[in-house]
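# Commentary on secondary and tertiary structure
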Amino acid sequence: MLKGGLQRIAGFTLLELVVTMSIFAILVALGVPSMRLWIVNTRVRSVADSLQNGLRMAQAESLRRSRQTVFYLTNSTTPQVTLTANVNGTYWAVNTIPLIGSVAEATDFIGSGEVSAINSGVTVGNATDTAVCFNSVGRLTANAATGIAGAVCNLPNPPVGSPPVSMFSITAPGADHPLNVRVALGGQVHLCDPNKSLSTEPDGCP
C-alpha cells in the first residue's frame, strides 16, 4: 500500500516486454530451420510411402490374379482411361498386362495414387526403366508389350557384385533424408535410407 491509500498496479515494464520479445524472437529463429527441414523430409517420406504402396499393390495383385501386372508413373489424372507412362509422372498406376497372343483383351485398371503432385519440389528418379512388371508368381519380369504406351519393363542390370533391384530414388532440395524404394528380383518391396547402412541400421540400404 502506497502513501495516500493508492495501490501499485502489477504489470510489465517496457524493459521487461522488450527482453521477453527478444527471447521469443531468438527461439523462433532457432526453430524455423528445424521445422523447414522436418517439412521437407516429411514430403520425401510421403512420396516414398505412396510409391511403396503402389508397388506392393502391383505385386499383390499379380499373385491374387495369377497374371502379370505393371506399375508405372504417369501424368494422367485419369489413368484408368489414359494409358500413357511418363518417367517423371506425378501419379502412379497399376494395370494388368494382356495375355500374350491375345488380340481382343484390353489391360485392366487396378488402382492409382498421387506421387509428387501432392508434394511439390520432391523428385522421383528411376535408375532402371519406365515401368516395373510382376509375373504371375509375384517376381520381376521383362515385358515390352504391357498395353501401356511408353511402359517397358526390363530386368534390372546391376553393377558387378550387387543384387538385381529396380529402384526409385526420392529426394528434395534441402532434405537430409533421401529415400530409396527398391524392388528385388523376387518381388520384395523395400523402403530404405541410402545415407544409412543396412549392416548397422534396419532402415538402411544394402
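Residues numbered from 1 in each chain as written. Predicted model: local features only at pLDDT ≥ 70, side-chain atom pairs only at ≥ 80, totals over all residues. Heavy atoms only, no water.

## What about unusual backbone geometry?
Even without glycine at this site, Ser-66 takes up a positive phi of about 55°. By the secondary structure assignment, Ser-66 is in the loop between α1 (14–65) and β1 (69–74). (Helix = DSSP H or I, 4+ residues; strand = E, 2+ residues; numbered from the N terminus.)

## So, the sheet that holds strand β5 (residues 131–134)
Here five strands make up an open sheet; going across it, the order is β3-β2-β1-β5-β6 and the pairing antiparallel. A strand with exactly one partner marks an edge of an open sheet, and here the two such strands are β3 (109–114) and β6 (140–141). In terms of strand pairing, β5 meets β6 through two bridges, oriented antiparallel. Bridge assignment links Phe-134 to a residue of β6, and that residue is Leu-140. (Pairing = 2+ DSSP bridges.)

## Here we look at a nonpolar patch on the surface
A cluster of nonpolar residues, Leu-14, Leu-17, Val-18, Met-21 and Phe-24, forms a patch on the protein surface that exposes about 530 Å² of accessible area. Along the chain, the position of Leu-14 falls in helix α1. A relative accessible area of 67% places Leu-14 in the exposed class. (Patch = residues over 30% accessible without salt bridge, like charges linked within 9 Å, V, L, I, M, F, W, Y side chains within 5 Å. Areas by Shrake-Rupley, 256 points an atom, 1.4 Å probe, with all protein chains shown as cover. Salt bridge = Lys/Arg side-chain N within 4 Å of Asp/Glu carboxyl O. Buried < 20%, exposed > 50% of the residue type's maximum accessible area, 1.4 Å probe, protein only.)

## Some remarks on the state of the cysteines
Counting across every chain of the model gives two disulfides. A sulfur-sulfur distance of 2.0 Å marks the disulfide that ties Cys-133 to Cys-153. The chirality of the disulfide connecting Cys-133 with Cys-153 is right-handed, given an S-S dihedral of about 70°. With Cys-133 in strand β5 and Cys-153 in the loop between β6 and β7 (165–171), the pair connects residues that are 20 residues apart, well separated along the chain. Disulfide partner of Cys-192: Cys-205, at an S-S distance of 2.0 Å. Between Cys-192 and Cys-205, the S-S dihedral sits near 90°, and the bridge is therefore right-handed. Pair noted here: Cys-192 is in strand β9 (residues 189–197) and Cys-205 is in strand β10 (residues 204–205), with a separation of 13 residues, a long-range link. For Cys-192, a relative accessible area of 1% gives the class buried. The disulfide pattern of the protein is 1-2, 3-4 when the bonded cysteines are numbered in sequence order. (Disulfide = S-S within 2.5 Å.)

## Here's the deal with the nonpolar core
Grouped together as the largest cluster of nonpolar side chains are 27 residues, with contacts concentrated most on Leu-51, Leu-55, Phe-71, Phe-168, Ile-170 and Val-181. Broken down by secondary-structure element, the contributors of at least two residues to this core are α1, β1, β2 (91–96), β5, β7, β8 (179–184) and β9. Sorting elements by how many residues they give to this core places α1 first, with seven residues. (Core = buried A, V, L, I, M, F, W, Y, C linked by side-chain atoms within 4.5 Å.)

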